Amino acid sequence: MKTIFNDHTRIDEALIAATKFLTRFSIEGARRDASVLLVFILGGDREILYRAPEQILTTAESELFKQCIERRSKREPVSHILGKREFWSREFFVSSDVLDPRPDSETLIDVVLKHVTKTKKPNSILDLGTGSGCLLLTLVAELDGVQGTGVDLSPKALEMAAKNANALNLTDRVQFIQSRWFENVEGIFDIIISNPPYIETADIADLQTEVREFEPHLALDGGADGLECYRLIVSQANEFLKAGGYLIFEVGIGQDDAVTGMMKQAGFDGIEVHNDLASVGRCVSGYSKL
Ligand SMILES: C[S@@+](CC[C@H](N)C(=O)[O-])C[C@H]1O[C@@H](n2cnc3c(N)ncnc32)[C@H](O)[C@@H]1O
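Note that the structure is predicted; figures quoted are calculated from it, not measured.

Asks: Sorry, what's going on with the overall build of the chain here?
Replies: For the chain, the helix and strand inventory stands at eleven helices and nine strands. For the C-alpha atoms alone, the extent of the chain along its principal axes is close to 70 × 40 × 35 Å. For the chain, with 290 residues in total, the buried portion stands at 52%. Sequence-distant contacts in the chain: of pairs separated by 6 or more residues, those separated by 24 or more amount to 66%. Just so you have it, the chain exposes about 13,900 Å², and 50% of that area is on carbon and sulfur atoms. Here the chain holds 31 positive side-chain charges and 44 negative ones, and the gap between their average locations is 3 Å.

Asks: How should I be thinking about helix α4 (residues 59-73) in this particular structure?
Replies: In an α-helix there are 3.6 residues to a turn, and that puts residues three or four apart on one side. Here α4 spans 21 Å end to end across 15 residues, near enough to the 21 Å set by a 1.5 Å rise per residue. Within α4, burial applies to Glu61, Ser62, Phe65, Lys66, Cys68, Ile69, Arg72 and Ser73. The buried residues of α4 all sit within an arc of 165 degrees when viewed along its axis, so they share a single face. Close packing links the buried residues of α4 with α1 (11-24), α2 (30-41), α5 (78-82) and α9 (209-212). Once α4 ends, the next one or two residues include Arg75, with phi positive near 80 degrees.

Asks: Looking at this structure, I do not really get the sheet that holds strand β7 (residues 241-250). What am I missing?
Replies: Neighbouring strands of a sheet are bound in pairs by backbone hydrogen bonds; such pairs are parallel or else antiparallel. Read from one edge of the open sheet, seven strands run β5-β4-β3-β6-β7-β9-β8, paired in mixed fashion. The sheet is open, and its two edges are formed by β5 (174-178) and β8 (269-275), each paired on a single side. Direction aside, neighbouring strands of the sheet carry axes that sit 15 degrees apart on average. Summarising the sheet, strand β3 (residues 124-128) and strand β6 (residues 189-194) pair through four bridges and their orientation is parallel. By the bridge assignment for β6, Leu126 is matched with Ile192. Sitting on the sheet, helix α10 (residues 228-237) touches β3, β6 and β7, and the angle it makes with β7 is about 170 degrees. Its contacts with the sheet put helix α11 (residues 256-265) on β7, β8 and β9 (281-287), and the angle it makes with β9 is roughly 10 degrees.

Asks: For this particular structure, what's the right way to read the pairing of strand β2 (residues 90-93)?
Replies: Every other side chain in a regular strand lies on the same face of the sheet, so the side chains alternate between the two faces. Covered by surrounding structure in β2 are Arg90 and Phe92 only, the residues Glu91 and Phe93 on the alternate face being uncovered. Sheet analysis places strand β1 (residues 84-87) next to β2, joined by four bridges and oriented antiparallel. Residue pairing for β2: Lys84 is matched across the bridge by Phe93. What sits between β1 and β2 in their antiparallel hairpin is a turn of two residues, with Trp88 showing a positive phi close to 45 degrees.

Asks: For this particular structure, what's the right way to read the side chain of Arg173?
Replies: Within the secondary structure, Arg173 sits in the loop between α8 (155-167) and β5. One buried charge, Arg173, has no salt-bridge partner; the nearest side chain with opposite charge is Asp144, at 5.3 Å. At 2.7 Å, the side chain of Arg173 forms a polar contact with the backbone oxygen of Val140.

Asks: What is the right way to read the site of the ligand from this model?
Replies: For the ligand, the set of nearby residues contains 16 residues, the closest of which are Gly129, Asp152, Trp181, Asn195 and Ala219. A distance of 2.8 Å separates an oxygen atom of the ligand from a polar side-chain atom of Asn195. Summarising the interface, the protein chains cover 95% of the accessible area of the ligand, which totals 600 Å² for the free molecule. Classifying every residue of the shell around the ligand by side-chain character gives nine nonpolar, five polar and two charged.

Asks: How should I be thinking about the domain arrangement of the chain in this particular structure?
Replies: By a widespread convention, an interface's size corresponds to the accessible area lost as its parts come together. On domain assignment, one finds that the chain holds domain 1 (11-74) and domain 2 (90-287). For domain 1 versus domain 2, the distance between C-alpha centres works out to 35 Å.

Asks: Just to check I follow, could you spell out the side chain of Arg72 for this structure?
Replies: Within the secondary structure, Arg72 is located in helix α4. Each residue touching Arg72, except ones within four places of it in the same chain, is listed here: Leu22, Ile27, Asp33, Leu37, Pro77, Val78, Ile81 and Glu210.

Asks: For this particular structure, what's the right way to read the nonpolar core?
Replies: Nonpolar side chains in soluble globular proteins tend to be buried together. Counting residues in each nonpolar core, the largest one holds 27 residues, and the members touching the most others are Leu37, Leu38, Phe65 and Ile69. For this core, the elements supplying multiple residues, two or more each, are α1, α2, α3 (48-51), α4 and α5. Here the element with the most residues in this core is α1; it accounts for seven residues. Once you skip the residues sitting within four places of it in the chain, Ile69 turns out to touch Ile4, Ala18, Phe21, Leu22, Ala34 and Leu37. Judged by nonpolar contacts, the second largest core, of 26 residues, contains Tyr198, Leu227, Leu247 and Val259.

What counts, and where the lines are drawn
Residues numbered from 1 in each chain as written. Predicted model: local features only at pLDDT ≥ 70, side-chain atom pairs only at ≥ 80, totals over all residues. Heavy atoms only, no water. Helix = DSSP H or I, 4+ residues; strand = E, 2+ residues; numbered from the N terminus. Buried < 20%, exposed > 50% of the residue type's maximum accessible area, 1.4 Å probe, protein only. Contact = heavy atoms within 4.5 Å. Areas by Shrake-Rupley, 256 points an atom, 1.4 Å probe, with all protein chains shown as cover. Lys, Arg positive; Asp, Glu negative; His and termini not counted. Charge placed at Lys NZ, Arg CZ, Asp CG, Glu CD. Expected span 1.5 Å × (residues − 1). Arc of directions from axis to C-beta. Pairing = 2+ DSSP bridges. Axes fitted to C-alpha atoms, helices over the stretch in contact; angles between N-to-C directions. Salt bridge = Lys/Arg side-chain N within 4 Å of Asp/Glu carboxyl O. Polar contact = N/O pair within 3.5 Å; in protein donor to acceptor, adjacent residues only side chain to side chain. Near = heavy atom within 4 Å. Nonpolar A, V, L, I, M, F, W, Y, C, P; charged D, E, K, R; others polar. Domains from an automatic or database assignment. Core = buried A, V, L, I, M, F, W, Y, C linked by side-chain atoms within 4.5 Å.

Here you go:
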């Protein structure tokens, strides 16, 4: 591969060369990605790009930056190259073993935090399909005294969730269980949250490379109509919720009506759809039978 830039390159020159290189590979937001990766290599000080653009990269910095840019040119997500992703103002470790926390999923956090201000303080939250743990750990960190249980079928995802719990000093307030949805879950909970896989199987081939090639299909594939996991979870959720307990799902675009229907049929009350910042119905919530 043609070299991206020569050694002994200035910061500003490296940034321009890397941006051009990524643009050649049709990476959208090439300059943004190149800057984020360069700042990462330079130790996280963003200001340096403006304060000392003439500073020469060391050989080690040059080499590492080139490697990062090459990885990005092959469409590896920036978060995987950095090994982390911000969610609700906290950093989470991520890798190709877990779904990257998405900004849209902050809607679920927002709705649950508003819900708890109106009700008795919850003691327990169950997260089905915890992945990196971003939803569960955020809520446990935000809600004093709450204990969290995170479930995933993927042992590697559970390892990542445990690593994140450790980094956030939450290990004594969460447990992680390998389980196919409720299979190995014991107890009843105040709140059940879930962002299950919801992409229709046939649509997976058309996803952008960053998602299709670098994120686990177990986190994406929601079956033929994308709704299989919701059906399974809704059919059992009442058994694992306290009377009047709260069930909330993240849903894919256009799935809110179908999930509302399932929850109605299962006897949930007060079902609501909650929009994300783009006015898309992003979460569906309801209360279990009293
Ligand atoms: C869309 S990801 C959500 C991850 C994380 N909660 C988030 O919001 O970023 C769905 C998660 O469900 C897990 N999963 C898929 N099928 C499962 C099953 N049958 N039982 C338990 N977890 C499952 C996947 O491994 C993945 O971590």
